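Topology and contacts: notes
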Amino acid sequence: MQKISGRRKFILSMARAVGLASMGGLVWYSVLEESSHASLILRPPAALAEEDFLKTCIKCGLCVSACPFDTLKLASLGDKKPIGTPFFDARDIPCYMCEDIPCVPVCPSGALDEKSVTNSEGNLDIDMSKMGVAIVDPYACIAFWGIQCDACYRACPLLDKAIVLEYEKNPRTGKHAYLKPVVVPDVCTGCGLCEHACITEKASIIVLPREVAMGKAGDHYVKGWDEKDQLRVKDAKAQTYTTEISKKSALDGLNDNSLFEDDLLGDGF
Amino acid sequence: MKLKYLLARRVTQVTVLVLYILAHVIGLGVLEGNLSSSLLFGMIPLSDPFAVLQMFVAGSIITFDIALGAAIIAILYGVIGGRMFCSWVCPINMVTDLANWLRRKLGISQVQKRVYMSRSIRYWVIIISLVLSFVMGLTAFELVSPISMLHRGIVFGMGFGFSAVLIIFFFDLLVHENGWCGYVCPLGGFYSVLGKFSLIRVKHNVDNCTECMDCKTVCPEKEVLHMVSKFSATVTMGECTNCARCIEVCNDDALNFSIRKFAEKNNHH
């Protein structure tokens, strides 16, 4: 057998260690990649954005202990959520929106950011929290069927602000009204009292994380009827491009068959 | 009393957990939170410095409370206790002690082929956990730590967290003696490095030694007792957990706790 020099032995054993470490690291990476993202998780009030929350929360459970309603839980193996982080299930126990928000000031790591629920006078204001946003399933909600139910509307701590009732004539009977619950996303805190109160077998109004439930129109859409929104484009300048087609009038351009002559649409139909 | 240190360790381990449970259940303000981060007497922050290191590497903004808490713990173990967390506080120690006691009673080491594992695996695990924390922007070890799953589980509810604890129990019982605490656990490795120069140390007096080697049988980190029966010296390796099992098992008063004296060097090797 070939004798291995000391230097070679050292290099080989180091390479082996690095190889093993990479192998272990990759396994670990894939476990974390799959277990650390739960997009449908509801966090305590004043929580940082999920990405920052995950790196900042030290998983001490002080917020959980501080919660007087046992709303908050620390995720353990089997909850299918990032292990050790606080969350709540609104259908089970919603956030009861304590005025003094006991769960937030106890957070030592800043994962629950007191500033985000402090108003301009320097007081804690739970109405500023954005734990999620409620959405309604108009097919399962019996109020949309024309049956009178305003359980969510009444349960909402921001009564007639976060959920409003939209009145509409019921054409089926001709003499009744629909009282449809509609969520105002800017006001809704995501406390989940509506989801908890919903009387349908499976809740027809549920709270989802805002990033999941809310769309985004994009900056390039401007509300022309909104003076404030118009200010965003007050310095914008129109840019005019001239192409072959735009040299003619629009009507000519459309009626002109020259476009088809280049066989742009295949066989020229 | 023969097993006074064992008793003291169990009392400490259980007391810490009981204080956490009382804080969570009845709001007793002595020790709130868990071993990741807690509040002593409602005012002194304590934080796991390895968890904080991962948070820092992950890119989290470390708050003053967290930094202070980590500094207090780091100074406590770094200057005074050494790696005492592992044998005096960590609840996993009770699990692995049971597994290894059972292993000795059943004689599993006698029937089992020796599985080779390097003592330095834990230092590689530290490196991997920091690399993953940096790359993924989360606390890599905290999200999978069986230590956290156990203490968090005992205080806040276990879920399937006990399965992680069972894995460690069977790993130590069936795969490798002291396999988790002595080879794999990065937190143990972290405290080994941190506690390298701490004051409380085990000291060997070779004049009393009868070379029965009971201390090496019972020690979970046998390498630290390399001087036994050879020369008198203070245990200087950071891997020693100051568990005092060697002191208790020694019938000849050849091992005792001492305070490290930096003036007299023990350069016998």
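Residues numbered from 1 in each chain as written. Chains lettered and ligands numbered in written order. Predicted model: local features only at pLDDT ≥ 70, side-chain atom pairs only at ≥ 80, totals over all residues.

So, the overall build of chain B
For the record, the criterion: Secondary structure follows DSSP: runs of H or I at least 4 residues long count as helices, runs of E at least 2 residues long count as strands, and numbering of each begins at the N terminus. The globule rule is 2.2 Å times the number of residues to the power 0.38, and the radius of gyration it is compared with is taken over C-alpha atoms. To sort residues by exposure, count the other C-beta atoms lying within 10 Å of each residue's C-beta; 20 or more gives buried, 12 or fewer gives exposed, and values between give partly exposed, all with C-beta atoms placed from the backbone. Working definition of a contact: two residues with C-beta atoms, positioned from the backbone, lying within 7 Å.
Across its full length, chain B carries 13 helices and 6 strands. The globule rule puts the C-alpha radius of gyration for 269 residues at 18 Å, and the 19 Å found for chain B is close to it. By principal-axis analysis of the C-alpha atoms, chain B measures approximately 55 × 45 × 40 Å. When each of the 269 residues of chain B is scored for burial, the buried share is 47%. In chain B, 70% of the contacts between residues at least 6 apart in sequence involve partners at least 24 apart.

Notes on the overall build of chain A
Scanning chain A from N- to C-terminus turns up 9 helices and 6 strands. The buried share of chain A, taken over its 269 residues, is 32%.

A look at the domain arrangement of chain B
Residues and elements named next belong to chain B. Using the following cut-off: For the domain bounds, the source is a domain assignment made automatically or taken from a database. Following the grouping adopted for this structure description, the nonpolar residues are Ala, Val, Leu, Ile, Met, Phe, Trp, Tyr, Cys and Pro, the charged ones are Asp, Glu, Lys and Arg, and the polar ones are all others, Gly among them.
Entries for chain B in the domain assignment read domain 1 (4-193) and domain 2 (199-259). Computed from C-alpha coordinates alone, the two centres of domain 1 and domain 2 are separated by 24 Å. Taken together, the 17 residues of domain 1 in the interface contact 14 residues of domain 2. Contributing elements (two or more residues each) for the side of domain 1 that touches domain 2: helix H1 (4-26), helix H3 (64-81), helix H4 (84-89), helix H10 (179-184) and helix H11 (186-194). In the side of domain 1 that touches domain 2, the residues fall into 8 nonpolar, 6 polar and 3 charged.

Description of the interface of chain A and chain B
The partner chain B presents 47 residues to the 32 residues of chain A that form the contact. Mapped by element, the contributors of at least two residues to the side of chain A that touches chain B are helix H1 (6-35), helix H2 (50-56) and helix H3 (62-66) of chain A. Among the elements that take part in the side of chain A that touches chain B, H1 of chain A stands out by supplying 9 residues, more than any other.

Considering the sheet that holds strand E1 (residues 31-34) of chain B
All names here are of chain B. Applicable threshold: What makes two strands pair is DSSP finding at least two bridges between them. All axes are obtained by fitting lines to C-alpha atoms, using only the stretch in contact for helices, and the reported angles, taken between N-to-C directions, cover 0 to 180 degrees.
Taken in spatial order, the 3 strands make up an open sheet running E1-E2-E3, and their pairing is antiparallel. Each edge of the open sheet is held by one strand with a lone partner, namely E1 and strand E3 (44-47). For this sheet, the mean inter-axis angle between neighbouring strands, taken without regard to orientation, is 15°. Where E1 and strand E2 (residues 37-40) come together, 4 bridges link them in antiparallel fashion. Pairing of Gly33 across the sheet is with Ser38, part of E2.

Digging into the sheet that holds strand E4 (residues 200-204) of chain B
Residues and elements named next belong to chain B. The strand order across the open sheet built from 3 strands is E5-E4-E6, with neighbouring strands paired in antiparallel fashion. The sheet terminates laterally at strand E5 (233-234) and strand E6 (255-259), the two strands that pair on one side only. One ladder, built from 2 bridges, connects E4 with E5; its direction is antiparallel. Considered in E5, the bridge of Lys203 is made with Thr234.

Details of the environment of Asn170 of chain A
Residue and element names in this part refer to chain A. As for its position among the elements, Asn170 is in strand E4 (residues 163-170). Residue classification places Asn170 among the partly exposed residues on the basis of 13 C-beta atoms within 10 Å. Each C-alpha atom, one on Asn170 and one on Trp145, is 9.0 Å from the other, the two residues being 25 residues apart in sequence. Those residues in contact with Asn170, other than ones at most four positions away along the chain, are Gly146, His176, Ala177 and Tyr178.

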